[in-house]
Amino acid sequence: MSPTAVLAPSAGRMAGWRAALVALALAGLVLAGGLAGPGWAALLAVGAGAGAWAWARRRRPVEVLAGAEAGVDINERLIQSQKMAALGEIAAGIAHEINTPLAVIGQIAEWQEHLLSQPGASSAVDSGVAKELADTIAQIHAQVGRCRDITHNMLAFSRRSDAIYQDTDLARLLEDMIRLVEREHRANNVVFLRENEPDLGPVATDPQLLRQVALNLLNNAAQAVGRDGTVTVSTHQGPDGPCFTVRDTGPGIAPEHRTRIFNPFFTTKPPGKGTGLGLSICLAIATRLGGTITVDSVPGKGAAFTVHLPPTPQPQAPGPERRHTP
Amino acid sequence: MSDAIRVLIVDDEEDFRTNLVKLLGISPNITAEAVGSGEAALEWLAANPCDVVLLDVKMPGLAAHGTLKRIRDGGYPVEVIILTGHASVDDAVELMNLGAFDYLLKPCSTREIVKKVTWAFESHTGKK
């Protein structure tokens, strides 16, 4: 699925993540056994196949992955793509099913916290015990937060795998996503600026997939700024096609992290604060759309992520239209 | 502004909505009620004053899209916040374009919900 040899190593890691996702999905299905109907059983079988495929693929050398781009195994790719789509459905189903009980667990912990803060509680419970109760409730919150990051990322990752290309107003798409995050960060005085090239015209891409990328980059940028700064979102015509850039005034990326930020599970956030999947998902989607992501950062002076899109629709796989970069 | 913010929770998950009524009730300036479906929400709104609706996306019967459309068509002066575990960014955009005020993904803290409810209420009273 990776268009260039350069990206192939990270594609290998993505496959590893898929294998992990399958394991997680299957474990979830076993737990959700009470819910399993015939439909789920069929999905389970497909999911197991996809897992085996992902595992096998992970073990394939990088050269073979790159070489497969020039191959003619369209049928095999079609089957793989269907497996991934089924796997995506399983992952999304599990994420959905888990979010509600997770929400209820979080609510119960909040209620316990509230009860513990009542005037009567301190006299009813030994102060050492009260302290320990408060600590354990905090741990419940932290772990619910971790699970939430995982399920939300599973939802993002499990979107259907076939890109559907439509003429898309890039500035409008970005505006929609800015609206989702802007209000959240206004309180911290993080200002979102728009710089749109006026005559960019419609871009042929998959808006549903591209929104995921935009949202992830915007959230990362706003979190990097923290407070009192700007996030600038610009659209422009690059040398190879339309682009958009999300630039922040945060601390920037340390040189030693530069090569690792797109790796799945790499994160500089404290444990429990991020899954490290956001940027790897962004790159996987950009690659699927025939584009790529570049990063520009001077430590201490913020970071800029640019999503480069191809000038015309170029589905990655499978299908008759395939790109062959010399 | 001294009046309490009247919140209606619409969610088919009973534990979730009864817990949320209790937790929102801790805030002195919020009174919360809950119903289990979009249809029940419309009935409730027809009979009771309300400022902010917290609406789940996937429910049996009338889901969020239908409920939101009918709330808008009915001219109820409420702000709607989407609160769901079943959602995608595309749903979010579609529901925001249908007139939802904001969007929250479960699980999220009650503090977060209170914050958005307050924003929605302020924007709502600003519009009046």
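Residues numbered from 1 in each chain as written. Chains lettered and ligands numbered in written order. Predicted model: local features only at pLDDT ≥ 70, side-chain atom pairs only at ≥ 80, totals over all residues. Heavy atoms only, no water.

**Student:** I would appreciate a short explanation of the overall build of chain A in the present structure.
**Tutor:** Counting its secondary structure elements, chain A contains nine helices and seven strands. Across the 326 residues of chain A, 46% fall into the buried class. Long-range pairs, those at least 24 residues apart, make up 77% of the contacts in chain A between residues at least 6 apart in sequence. Of the roughly 15,800 Å² of accessible surface on chain A, 59% is carried by carbon and sulfur atoms. (Helix = DSSP H or I, 4+ residues; strand = E, 2+ residues; numbered from the N terminus. Buried < 20%, exposed > 50% of the residue type's maximum accessible area, 1.4 Å probe, protein only. Contact = heavy atoms within 4.5 Å. Areas by Shrake-Rupley, 256 points an atom, 1.4 Å probe, with all protein chains shown as cover.)

**Student:** Looking at this model, I keep getting lost on unusual backbone geometry. Mind explaining?
**Tutor:** Here the amide bond leading from B:K106 into B:P107 is cis, since omega sits at -10°, within 30 degrees of zero. Along the chain, B:P107 falls in the loop between strand 5 (102-105) and helix 5 (110-127). Located in the positive-phi region is A:N189, a residue other than glycine, with phi close to 60°. What makes A:N189 partly exposed here is its relative accessible area of 42%. The backbone of A:D228 sits at a positive phi, close to 50°, despite the residue not being glycine. Tracing the backbone shows A:D228 in the loop between helix 8 (207-225) and strand 4 (229-237). Judged by relative accessible area, which is 53%, A:D228 ranks as exposed.

**Student:** Quick question: what am I supposed to make of the packing of aromatic side chains here?
**Tutor:** Aromatic ring pairs: the centre-centre distance and the angle between the two ring planes describe each pair. Applying the stated criterion across every chain yields a total of one aromatic pair over all chains. Plain terms: the ring middles of A:F262 and A:F305 are 6.3 Å apart, the flat faces sit at 80° to each other, and that makes the pair edge-to-face. Taken together, the residues span a long stretch of sequence, with A:F262 in the loop between strand 5 (242-248) and helix 9 (278-288) and A:F305 in strand 7 (residues 303-308) at a distance of 43 residues. A:F262 sits in the buried class, given a relative accessible area of 15%. Owing to a relative accessible area of 10%, A:F305 belongs among the buried residues under this scheme. One residue, B:K106, lies across the ring of B:F16, its end atom 4.1 Å from the ring centre. (Phe/Tyr/Trp six-rings, centres within 6.5 Å; stacked < 30°, edge-to-face > 60°. Lys NZ or Arg CZ within 6 Å of the ring centre and 35° of its normal.)

**Student:** Would you take a moment to explain the interface of chain B and chain A for this structure?
**Tutor:** Accessible area lost upon the coming together of the parts serves often as the stated size of an interface. Opposite the 32 residues of chain B that make contact, chain A presents 27 residues. Taken together, the two surfaces of chain B and chain A that pack against each other cover about 2,600 Å², and 58% of this comes from carbon and sulfur. It is B:V89, B:D90 and B:P107 in chain B that bury the most area against chain A; as a group they hold 23% of the surface buried on that side. Taken together, the links from chain B to chain A amount to three salt bridges. With a closest N to O distance of 2.9 Å, A:E184 and B:K115 form a salt bridge. Ranked by residue count, the leading element in the side of chain B that touches chain A is helix 1 (residues 14-26) of chain B, at seven residues. (Buried area = accessible area lost by both parts, 1.4 Å probe. Salt bridge = Lys/Arg side-chain N within 4 Å of Asp/Glu carboxyl O.)

**Student:** Please explain the sheet that holds strand 2 (residues 190-196) of chain A as it appears in this structure.
**Tutor:** All names here are of chain A. Here five strands make up an open sheet; going across it, the order is 2-4-5-7-6 and the pairing mixed. A single partner strand is all that each edge strand has here, and the edge strands are strand 2 and strand 6 (292-297). Put simply, the sheet's adjacent strands are angled 15° from each other on average, direction ignored. In this sheet, strand 4 lies alongside strand 2 in parallel orientation, the contact comprising seven bridges. In the strand pairing of strand 4, L193 is matched with T232. Sheet strands in contact with helix 7 (residues 170-186) are strand 2, strand 4 and strand 5, and its direction is about 170° off that of strand 2. (Pairing = 2+ DSSP bridges. Axes fitted to C-alpha atoms, helices over the stretch in contact; angles between N-to-C directions.)

**Student:** Just to check I follow, could you spell out a negative patch on the surface for this structure?
**Tutor:** All names here are of chain B. A cluster of acidic side chains, namely D12, E13, E14 and D15, defines a negative patch on the protein surface. For E14, the location among the structural elements is in helix 1. A relative accessible area of 53% means that E14 is categorised as exposed. (Patch = residues over 30% accessible without salt bridge, like charges linked within 9 Å, V, L, I, M, F, W, Y side chains within 5 Å. Lys, Arg positive; Asp, Glu negative; His and termini not counted. Charge placed at Lys NZ, Arg CZ, Asp CG, Glu CD.)

**Student:** What's the story with the packing of helix 8 of chain A against helix 9 of chain A in this structure? I'm lost.
**Tutor:** All names here are of chain A. As a packed pair, helix 8 and helix 9 sit with axes 9 Å apart at the nearest point and diverge in direction by 150°. Remark: the crossing between helix 8 and helix 9 carries left-handed chirality. Taking contact as the criterion, the partners of L209, Q212, V213, N216, L217 and N220 in helix 8 are, on helix 9, G278, L279, I281, C282, I285 and R288. The class makeup of the residues in the contact of helix 8 with helix 9 is seven nonpolar, four polar and one charged. (Left-handed = near helix turned anticlockwise from the far one by under 90°. Nonpolar A, V, L, I, M, F, W, Y, C, P; charged D, E, K, R; others polar.)

**Student:** Would you mind showing me how to read the pattern of salt bridges here?
**Tutor:** A side chain of one charge can pair with a side chain of the opposite charge if their charged atoms are brought near each other. Evaluated as defined, the whole model comprises 12 salt bridges over all chains. In this structure, B:D11 and B:K106 form a salt bridge, with 2.7 Å as the shortest nitrogen-oxygen distance. One end of the pair, B:D11, is in the loop between strand 1 (5-10) and helix 1; the other, B:K106, is in the loop between strand 5 and helix 5, and 95 residues separate them in sequence. Owing to a relative accessible area of 2%, B:D11 belongs among the buried residues under this scheme. What you see here is one network of salt bridges that share partners, running through A:R183, A:E184, B:D102, B:E112, B:K115 and B:K116.

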